[in-house]
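Commentary on secondary and tertiary structure
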Amino acid sequence: MVSSYKRQLLGWLSYAFASEVFVVVSLTLFLPICLEQFASDNGYLRPDYVQPCSSSSDSGTSYATERCAVKIGWVWIDTASFSLYVYSVSVALQALTVISMSSIADRPTCRKPLLLTFAFIGSFSAILFLLLPSSSPLWFLCALFAILANVGFGASVVAMNAYLPSLANASPEVVQARIHLGELNASSQPIPESVEEEDEQPPLSSQDSVSAPLLGMSTPPKLDQNAFNATLSRATSRISALGIASGYGAGIVLLLLALIPVTELHGSTFSLRLAIGLSGAWWAIFSIPAAIWLPNGIPHDVSSNDSAAAKTEDQWTLWSEIVAAWKRLGVMLRWDQIKQLQHTFRYLAAWFLLSDGFTTITSTAVLFGKTTLHMDPSWLVLIGAITPAMGITGSMVFPYLQRKFSWSNLKVVVILVVMVSCIPAYGCLGFLPVVKGLPFGGLTTPGEMFGLAVYFGFAYGAFQSYARACYAELIPPGEEARWYGLFSITDKSSSFVGPLIVGLIADATGNIRYAFFFLVFMIWLAVPVLLSVDVGRGREDARNHRIHRDLREVSSSDS
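Notes on the structure in this doc start here. (Residues numbered from 1 in each chain as written. Predicted model: local features only at pLDDT ≥ 70, side-chain atom pairs only at ≥ 80, totals over all residues. Heavy atoms only, no water.)

Moving on to the packing of aromatic side chains. Under the definition given, this model contains 30 aromatic pairs. When the ring of F405 is compared with that of W407, the centres are 5.2 Å apart and the planes differ by 20°; the resulting orientation is stacked. Accessibility expressed as a relative area gives 45% for F405, which makes it partly exposed. The rings of Y347, W351, F358, F456, Y460, F463, Y471, Y484 and F487 are connected pair by pair, giving a single aromatic cluster. Lying across the ring of Y163, R111 places its NZ or CZ 5.5 Å from the centre. Lying over the aromatic face of F405, K404 brings its terminal NZ or CZ to 5.9 Å of the ring centre. (Phe/Tyr/Trp six-rings, centres within 6.5 Å; stacked < 30°, edge-to-face > 60°. Buried < 20%, exposed > 50% of the residue type's maximum accessible area, 1.4 Å probe, protein only. Lys NZ or Arg CZ within 6 Å of the ring centre and 35° of its normal.)

In structure tokens, the structure reads:
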């Protein structure tokens, strides 16, 4: 069993190692630049739309006051906005796809095929950049490739995250803790009246009896139940951290390799296409171990008394499941469901603010370094490599600190949020006259940006792993893909708010440093919401929600 678990864990980590490269290398760095360059190579200078942008650039003419635009259909679009529009469309389609597939991905027999299907779509779309030169009359297909790659990545990661709770439950330390808890439970039933109460409960299968403590159907001493929950939390965060570290490590390796052609070819369109294509090839190749080692999906949660689930396992179609997924989303967002799972939704509300705040810090810092500190682009690329490198360190250090100080996953998340909030607060110090007179301080020198990259990367890598692990404790068992889909949608739906407000602040003040005040407020707004989350109560509510749902399905099938 241990060797089987190790293969499954390696399969899960291998997909993190494969897919995260696309984010580090392409999505956050080379893909937006490549899309803008595709548009510029086929654009014309405003306002006459006669002189090609490429000829102006080749001649060394600066067109800072003359914007470059490209014609898409019958509409002229600013080339700088082209990649933003493509990204917005890809995020919208990604959300629609994630919602539609969530019900299918919750079927254990379908989870792995779904993950591999979207992995193929995403990686192959990235590879196709190698075959599409910007001089081609079909150059606009780059937008389609970018959209498909992003949709494939987002959908496959939802399926990957859905494995996290089951991997944590099957880890050796959790299995031992469950056995110990079961033994304590078996030895703590001396009261005859309790037997009569148990006779009223539906019979449990052998597997259900082993996992009964997870379902909240036993009455062990509270201290021992808390110890089991702490073991499960640490296992979840450890596995999540390993996934983040392996993904970041792969991203750094390929980023450094991709920088060689990009630097040697002076950032030409071909060099950018090559970097994106390499990330797609890496994604495809290292998905093979995941295809071999990830479990095919035996529906362990279908017990002998769960006749409704067993009966309907094969009675479904693609269209019926897509329709059912949207109906279930409507049910999930009903007020009575929100009250029943209030701690899960409180955490999602905090995640809405934090995911947007952290993403906005990244984009604002890069823009601040380029426009205010006038940093060389090569320095910004180096910062882009330092951040995930420190992310690996953070994702490995905080599990050690958690074990040493017995922190819960939620407490680690709160600590990391407070740490990251210090970054925009430090930038606000740049307004103080006393700081302006110093040789450094308040993000007034390029050197401080490198310190920022080290500090932010250290906290952000750990935050990503613990945010995912903490959420895993608050979702109903057997509905992992559905709830991780909502987790992804919450992330993507908020991603436009922060950049939009930062843009408005920069336009209104002419100084992007004022945006740091907004970022401090946005991050700290999430802290009281996080502190209101009771993970223990939320875990119990999620398990009861699953039990009540199963009982309703059995009752409806019997009637």
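Okay, back to it.
On to unusual backbone geometry. In this model, S406 sits at a positive phi of 60°, which is unusual for a non-glycine residue. Examined against the element boundaries, S406 turns out to sit in the loop between α18 (377-405) and α19 (409-428). Judged by its relative accessible area of 62%, S406 is exposed. Look at L443: it is not a glycine, yet its phi comes out positive at around 60°. Examined against the element boundaries, L443 turns out to sit in the loop between α20 (433-436) and α21 (446-472). (Helix = DSSP H or I, 4+ residues; strand = E, 2+ residues; numbered from the N terminus.)

Let us look at the packing of helix α3 (residues 79-105) against helix α4 (residues 108-127). Two elements in contact, α3 and α4, have axes whose closest approach is 9 Å; the angle formed by their N-to-C orientations is 150°. With respect to α4, the element α3 is oriented roughly antiparallel. Between α3 and α4, the contacting residues are T97, M101, I104 and A105 on the first element and C110, R111, L114 and F118 on the second. Its residues placed into classes, the contact of α3 with α4 shows six nonpolar, one polar and one charged. (Axes fitted to C-alpha atoms, helices over the stretch in contact; angles between N-to-C directions. Parallel < 35°, antiparallel > 145°, perpendicular 65-115°, else oblique. Contact = heavy atoms within 4.5 Å. Nonpolar A, V, L, I, M, F, W, Y, C, P; charged D, E, K, R; others polar.)

With that settled, the discussion passes to the environment of A155. Tracing the backbone through its elements, the reader meets A155 in helix α5 (residues 141-161). Sequence separation between A155 and M101 is 54 residues; the distance between their C-alpha atoms is 7.9 Å. For A155, the contacting residues outside a window of four places in its chain are T97, V98, M101 and F118.

Looking at the secondary structure, you find N150 in helix α5. Apart from the residues within four sequence positions on either side, N150 is in contact with F22, L27, Y87, S90, V91 and Q94.

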